[in-house]
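Structural characterization, general
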Amino acid sequence: MSIQTVGIIGAGTMGNGIAQVCAQAGLDVVMVDISEAAVQKGLATVAGSFDRLIKKEKLTAEQKAAALARIKPSTSYDDLKAAQLVIEAATENEALKIKILGQLDALLAPEVIVATNTSSISITQLAAKTQRADRFIGMHFFNPVPMMALVEIIRGLQTSDATHAAVHELSTRLGKTPITVKNAPGFVVNRILVPMINEAFFVLAEGLASPEDIDAGMKLGCNQPIGPLALADMIGLDVCLAVMNVYMQEFNDSKYRPCPLLKEYVAAGWLGRKTGRGVYSY
């Protein structure tokens, strides 16, 4: 299948980032959200991102205008009928995603591929709620989408080889580096990353080093661009705790037990950057 038009559900942080990279790659994009204000805010974010690229001389004003012209903002799912691929990038809420998938099944032609940008929900489980399980797949982009090269392509148990091949090829066209992942809690990146963050909290709780020294050790010793505790503040400590709780529940293995200090910070409302206080103060 040749993909030229991509539908995106959600104009928030992930949705507008996906819209940007698709438009930059020459694809036509339909970006849908629940209100005109939401889609216009998403479009403004894309325009601002393009302006920063122009300042860095990585994009021309003409290229910006052409890319923006390829993005159609909409509040109507009917506009998605032109798409060969629809990427659901709504809030990380399983009930909401299942509702959206039902709406897409009733609207889209049978051959259209549907992808979800979920970072944690089972692809196999979501696929089972659709009428196109073989044409359903996970496309996990990373934030910020225009900057991050990776896309995790997650195959559910039902995902066909043809669907995987089409999405893999599209990811490459977007200038991304795709990796193929089997369906499992946390997939690959978060399966490794979040337990590392959790272990950093154990090191902090045991008083082995200060937060600054823990982060400096991982940055300078492992060549990481940001330390695990600072990264946790960026992600949100509540999100990190929720992911660890999922791992503990799904794997029933004590190595995934959330650190008590992480739980204590979340109980205090110290969730990171978004609340002005986490491991660090902002």
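Residues numbered from 1 in each chain as written. Predicted model: local features only at pLDDT ≥ 70, side-chain atom pairs only at ≥ 80, totals over all residues. Heavy atoms only, no water.

Attention shifts here to the nonpolar core. Judged by nonpolar contacts, the single largest core of 36 residues is most densely connected at Val6, Ile18, Ile71, Leu85, Ile87, Met139 and Phe141. Of all the elements, helix α1 (residues 13-24) adds the most residues to this core, at six residues. When neighbours within four sequence positions are excluded, leucine 85 is seen to be in contact with Ile3, Thr5, Val6, Gly7, Val112, Ile113, Ala115, Met139 and Leu170. Grouped together as the second largest cluster of nonpolar side chains are 23 residues, Phe201, Ile214, Val243 and Tyr265 included. (Core = buried A, V, L, I, M, F, W, Y, C linked by side-chain atoms within 4.5 Å. Buried < 20%, exposed > 50% of the residue type's maximum accessible area, 1.4 Å probe, protein only. Helix = DSSP H or I, 4+ residues; strand = E, 2+ residues; numbered from the N terminus. Contact = heavy atoms within 4.5 Å.)

On to the packing of aromatic side chains. Here the structure, examined in full by the defined rule, presents five aromatic pairs. Each ring, one from phenylalanine 201 and one from tyrosine 265, has its centre 6.1 Å from the other, and the planes form 85 degrees; the classification is edge-to-face. Separated by 64 residues along the polypeptide, phenylalanine 201 in helix α7 (residues 189-205) and tyrosine 265 in helix α11 (residues 260-267) bring together distant segments of the chain. Assigned by exposure class, phenylalanine 201 and tyrosine 265 land together as buried. Aromatic side chains tyrosine 247 and phenylalanine 251 sit 6.2 Å apart centroid to centroid with 55 degrees between the ring planes, which places their arrangement in the tilted category. Of the two residues, tyrosine 247 and phenylalanine 251 are both situated in helix α10 (residues 237-251); the distance of four residues between them amounts to about one turn of the helix. Classification of tyrosine 247 by relative accessible area gives buried; the value is 1%. Residue class for phenylalanine 251 comes out partly exposed when judged on its relative accessible area of 29%. The ring centre of tryptophan 270 lies 3.6 Å from the NZ or CZ of arginine 277, which sits over that ring. (Phe/Tyr/Trp six-rings, centres within 6.5 Å; stacked < 30°, edge-to-face > 60°. Lys NZ or Arg CZ within 6 Å of the ring centre and 35° of its normal.)

As a further point, take the UniProt feature "site: Important for catalytic activity" (unreviewed entry) in the protein. Look at the UniProt record and you will see "site: Important for catalytic activity" (unreviewed entry) annotated at His140. With residues near it in sequence (within four places) discarded, histidine 140 still touches Asn117, Thr118, Ser119, Leu150, Val151, Glu152, Ile154, Phe187 and Asn190. A polar contact is formed between the side chain of histidine 140 and the side chain of glutamate 152, at a distance of 2.7 Å. (UniProt positions renumbered as here; feature names shortened; annotations may be inferred. Polar contact = N/O pair within 3.5 Å; in protein donor to acceptor, adjacent residues only side chain to side chain.)

Our next topic: helix α2 (residues 36-55). In a regular helix each residue adds 1.5 Å, so 20 residues correspond to 28 Å; α2 covers 29 Å between its end C-alpha atoms and thus fits that length. Taken residue by residue, α2 has Val39, Gly42, Leu43, Val46, Ala47, Ser49, Phe50 and Leu53 as its buried positions. One side of α2 carries all its buried residues, which in axial view fall inside an arc of 160 degrees. Counted as exposed and oriented over 90 degrees from the buried face of α2: Ala37, Lys41, Arg52 and Lys55. Packed against the buried residues of α2 are α1, β2 (28-32), α3 (61-69) and β3 (71-74). At the exit of α2 stands glutamate 57, carrying a positive phi of roughly 60 degrees. (Expected span 1.5 Å × (residues − 1). Arc of directions from axis to C-beta.)

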